[in-house]
Amino acid sequence: MDDCIFCKIVKGEIPSKKIYEDDKVYAFYDINPEAPVHFLVIPKDHIASANDLNDNNADIVSHIFKIINKLAVELNISDKGYRIVNNCGEDGGQTVKHIHFHVLGGRCLHWPPG
Ligand code: 5GP
Ligand code: ZN
């Protein structure tokens, strides 16, 4: 999508601190970290939100979770644990309309979220 900032990050039109990429996904550090480790994993193809997952595109979610597993080990947050967050829509607090999974770790996280 032309006016989507995460599509622009995937294309390299907006700079980002890349952690990982393959043919399907891109992982990069959040510009405004809420924890010592805070990165985002996104599909390279534009999917607006969890509301837009369907039989044709939902396999990307299991791929993303496998990549999160691998990156959590590499970034040393696997043993103590971490949180995976997907905000969907207005009430969910989604600000960027390209589906993304936050991974937060490196400190004890509170529950429930605000
Ligand atoms: P949301 O609120 O939609 O779940 O999360 C969007 C996240 O994207 C926020 O945590 C925000 O800090 C991050 N973000 C927004 N714009 C950029 C950007 O240009 N670069 C990076 N690395 N992160 C961004
Ligand atoms: Zn996009």
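Residues numbered from 1 in each chain as written. Chains lettered and ligands numbered in written order. Predicted model: local features only at pLDDT ≥ 70, side-chain atom pairs only at ≥ 80, totals over all residues. Heavy atoms only, no water.

You'll find the chain entered in an unreviewed UniProt entry as HIT-like protein, with Clostridium chromiireducens given as the organism.

S.K.: Looking at this model, I keep getting lost on the sheet that holds strand β5 (residues 101-105). Mind explaining?
M.R.: Pairing between the strands of a sheet comes from backbone hydrogen bonds, and it takes one of two forms, parallel or antiparallel. Strand order in this open sheet of five strands is β1-β2-β3-β5-β4, and the pairing throughout is antiparallel. Each end of this open sheet is capped by a strand with a single partner; those strands are β1 (18-21) and β4 (82-85). Direction aside, the axes of adjacent strands within the sheet are offset by 15° on average. By the bridge criterion, five bridges tie strand β3 (residues 37-43) to β5 in an arrangement that is antiparallel. Across the sheet, residue Val37 finds its bridge partner in β5, namely Gly105. Sitting on the sheet, helix α2 (residues 59-74) is in contact with β1, β2 (25-29), β3, β4 and β5, with an inclination near 150° to β3. (Pairing = 2+ DSSP bridges. Helix = DSSP H or I, 4+ residues; strand = E, 2+ residues; numbered from the N terminus. Axes fitted to C-alpha atoms, helices over the stretch in contact; angles between N-to-C directions. Contact = heavy atoms within 4.5 Å.)

S.K.: When you look at the coordination of the zinc ion (ligand 2) in this model, what are you seeing that I'm missing?
M.R.: Expected angles at a metal are 109.5 degrees for tetrahedral coordination by four donors and either 90 or 180 degrees for octahedral coordination by six donors. Distances from the zinc ion (ligand 2) to its protein donors, namely Cys4 (SG), Cys7 (SG), His46 (ND1) and His98 (ND1), fall within the range 2.1 to 2.3 Å. Between the four donor atoms coordinating the zinc ion (ligand 2), the angles at the centre fall across 107 to 116°, so the site counts as tetrahedral. Positions of the donor residues of the zinc ion (ligand 2) along the chain correspond to the pattern C-x2-C-x38-H-x51-H. Here Cys7, found in helix α1 (residues 5-11), pairs with His98, found in the loop between α3 (89-92) and β5; they are 91 residues apart in sequence, far enough to count as distant. The same class applies to Cys7 as to His98, namely buried. (Donors = N, O, S within 2.8 Å, 3.2 Å for Na, K, Ca; no water. Tetrahedral: all angles 85-135°; square planar, octahedral: opposite > 155°, others 65-115°. Buried < 20%, exposed > 50% of the residue type's maximum accessible area, 1.4 Å probe, protein only.)

S.K.: Is there a simple way to think about the side chain of His102 in this case?
M.R.: Take His102: it is sitting in strand β5. Here His102 falls in the buried class, since its relative accessible area comes to 12%. Here His38 takes part through its side chain, which lies 2.9 Å from a polar atom of the side chain of His102. (Polar contact = N/O pair within 3.5 Å; in protein donor to acceptor, adjacent residues only side chain to side chain.)

S.K.: I keep staring at the pairing of β1 and nothing clicks. Help me out?
M.R.: One face of the sheet, then the other: side chains in a regular strand alternate in exactly this way. Both β1 and β2 contribute to a ladder of three bridges, which runs antiparallel. When the sheet's bridge partners are listed, Lys18 is paired in β2 with Phe28. Between β1 and β2, which pair antiparallel and follow one another directly, the connecting turn spans three residues.

S.K.: Got a minute to help me understand the environment of Ala50 in this structure?
M.R.: Among the secondary structure elements, Ala50 is positioned in the loop between β3 and α2. Note on Ala50: relative accessible area 29%, which makes it partly exposed.

S.K.: Would you mind showing me how to read the pattern of salt bridges here?
M.R.: Two side chains of opposite charge can pair, provided their charged atoms sit close to one another. Inspection of every chain in the model, using the stated rule, returns five salt bridges. Its salt-bridge partner being Glu21, residue Lys44 comes within 2.7 Å of it at the nearest N-O pair. Here the residue Lys44 occupies a position in the loop between β3 and α2, and Glu21 occupies one in strand β1, the gap between them amounting to 23 residues. A relative accessible area of 22% means that Lys44 is categorised as partly exposed. Taking the shortest distance from any N to any O, the salt bridge between Asp23 and Lys24 comes out at 3.9 Å. Through salt bridges that share partners, Lys18, Glu21 and Lys44 make up one connected network. (Salt bridge = Lys/Arg side-chain N within 4 Å of Asp/Glu carboxyl O.)

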